[in-house]
Amino acid sequence: MDSLADLKALLASMTDDEKAELDRTLEKELTAAWLPQPGPQTEAYFSQADLLLYGGAAGGGKTDLLCGLALVEHDRTVIFRRQASDLEGFWDRLTELEQSPQRSDSVKKRMVASSGKLIECGHLELPGSEKSWQGRPHDLIGFDEGAQLTAQKVAFVLGWLRSATGHRCRAVIASNPPMGGDGQWLLEWFAPWLDPAFDDPAKPGELRWAVLVGDASEIRTVWVDGPGAHMVDGVEREALSRTFIPSKLNDNIYLRDTNYRAQVNALPEPLRSQLLNGDFLAGRQDDPYQVIPTEWVLLAQERWRRNADRPPLPMLHLGVDVAQGGADVTVLAPLHGVRIQPLIREKGKNTPDGPSIAQMVLNARRNDCGITIDLTGGWGGSARDHLKTHHEIEAHAFVASAGSDSRTVDGKLGFLNARAESWWRLREELDPSADPKIELPPDPRLQAQLTSPTWKLRGDRIVIESKDDIRKRLGTSTDDADAVIMAWFHRARTLARRKRKAEARRPVMSDPLAALRPRR
């Protein structure tokens, strides 16, 4: 229908019964607690995606969409934000729309609407906070400003997206673009729409199917051809649909003509582009105190790709980050010359003791290479002892808290401990001004971990953010990165050992000129 005249002609052609039916339909819609605005909000409202990413730009009606779906379309809803205090904006809008609920608790942020629909709010900031929602089913799970949350916590609570009554279930991530390292997982979860390097890009609103696999230490997306069951990693899994629907300030009829645009325009870049245009790529700026700049890692990964067809040099060193049981992963980083080959990972539950880790090392080791095992906390001690006692292999010990007397390459700063020195040495090696040669595998998880830690000064000593602090901030450990760090950190020791062995094998001549004299 292209014009108001067409609408009038249609109405004129309708019978009295048809007009009465239309009146009843319109009454139901117009008396609803909330109606979506024309455009992206309506498209998102009616989207059939199991998992929807909506928004991008500021003022695009993200919070309103979550409120509307909860009040009109779903029976049991939970809306998450990172901190409890962040929920005030959502709760204020919800109570503005639903002014006569059956029950409402502004402290717990829990409401039973006049229609009987349950709406709860939760926060996911503290370690383990997601587990308090275990076993509590909801047919709508929403994440307001999802980029502020971790992938692990989002994936965990999505496990209880279900309905006992058969009601349609869906999850909605309403979010502005990620800032810095936070929220980068969204670029992987919605790569067909957000990643310009994705080989099969999708249009806004188009459904794609994916399987989410992994555990507490690693979560990854496997894209599949369509709905239904698919074999992934030897297990039959059910694919769910995803889509991304962008929304900008211009799409919000209530805000687009206010001074809100001027306020967003006044922000510095890249924040302005993020919030005004919903640019998910503009937000990938580094923290000012990030140890290793993202661009340096990307350059090292590009060197790896460029030389991928070149046969690798013999294995020089093997970095071993140990997880004896638990949710972490035992990771081996094989270093061949200046190239880190693809990392070798094994779940902690499969490496519960020293002998199992030692066997993993023996299976991977080649060319009499050097070995460095992380002994921080004592986890790797058993594996190191097993290698020495049963296989006569000496492995270097790495203890992150050990002291360091070294200085930065320019001699200006020292290091608080071995952790600071090892991370900084890789930074110095990756520095483009130093004509770097190291090649890093194009592994998104490794890239994310290498660019996670920040640094600060304590006097004239460099301090690197601890693994525990990174885990609290991002919800994941840096197992991969630490294995690479250790492989590179002790590379020089293996080179020196091989040089000594080569010199020892060289024949000693008592008279170096004897071989030149003619025989009689």
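Preceding this section is the structure that the text describes.
Residues numbered from 1 in each chain as written. Predicted model: local features only at pLDDT ≥ 70, side-chain atom pairs only at ≥ 80, totals over all residues. Heavy atoms only, no water.

With that settled, consider the packing of aromatic side chains. Evaluated as defined, the whole model comprises eleven aromatic pairs. With centroids separated by 5.2 Å and ring planes inclined at 45°, the aromatic side chains of Phe156 and Trp160 adopt a geometry described as tilted. On the basis of relative accessible area, Trp160 is assigned to the buried category, the value being 16%. A centroid spacing of 6.2 Å and a plane angle of 65° characterise the contact between Trp193 and Trp223, whose relative ring orientation is edge-to-face. Taken together, the residues span a long stretch of sequence, with Trp193 in helix H8 (residues 191-194) and Trp223 in strand E9 (residues 219-224) at a distance of 30 residues. When its relative accessible area of 25% is taken as the criterion, Trp223 is described as partly exposed. Pairwise contacts between aromatic rings join Trp34, Tyr45 and Phe46 into one cluster. (Phe/Tyr/Trp six-rings, centres within 6.5 Å; stacked < 30°, edge-to-face > 60°. Buried < 20%, exposed > 50% of the residue type's maximum accessible area, 1.4 Å probe, protein only. Helix = DSSP H or I, 4+ residues; strand = E, 2+ residues; numbered from the N terminus.)

Glancing now at the pattern of salt bridges. Per the stated rule, a full pass over the model turns up 23 salt bridges. A salt bridge links Arg93 to Asp64, with the shortest nitrogen-to-oxygen separation between them at 2.5 Å. Linking Arg93 in helix H5 (residues 88-97) with Asp64 in helix H4 (residues 62-73), this pair joins segments that are 29 residues apart in sequence. For Asp64, a relative accessible area of 16% translates into the label buried. (Salt bridge = Lys/Arg side-chain N within 4 Å of Asp/Glu carboxyl O.)

Orientation of helix H12 (residues 354-364) relative to helix H13 (residues 381-391), taken along the N-to-C sense of each, is 65°, at an axis distance of 8 Å. On the basis of their axis angle, the class for H12 and H13 is roughly perpendicular. Here H12 runs over H13; the crossing is right-handed. The segment H12 lies against H13, with Gly354, Pro355, Ile357, Ala358, Val361 and Leu362 engaging Ser382, Ala383, His386, Leu387 and His391. A per-class count over the contact of H12 with H13 returns seven nonpolar, four polar and no charged. (Axes fitted to C-alpha atoms, helices over the stretch in contact; angles between N-to-C directions. Parallel < 35°, antiparallel > 145°, perpendicular 65-115°, else oblique. Left-handed = near helix turned anticlockwise from the far one by under 90°. Contact = heavy atoms within 4.5 Å. Nonpolar A, V, L, I, M, F, W, Y, C, P; charged D, E, K, R; others polar.)

Attention shifts here to the sheet that holds strand E18 (residues 414-415). With mixed pairing, the three strands of this open sheet are ordered in space as E18-E20-E19. The strands lining the two open edges of the sheet, one partner per strand, are E18 and strand E19 (455-458). (Pairing = 2+ DSSP bridges.)

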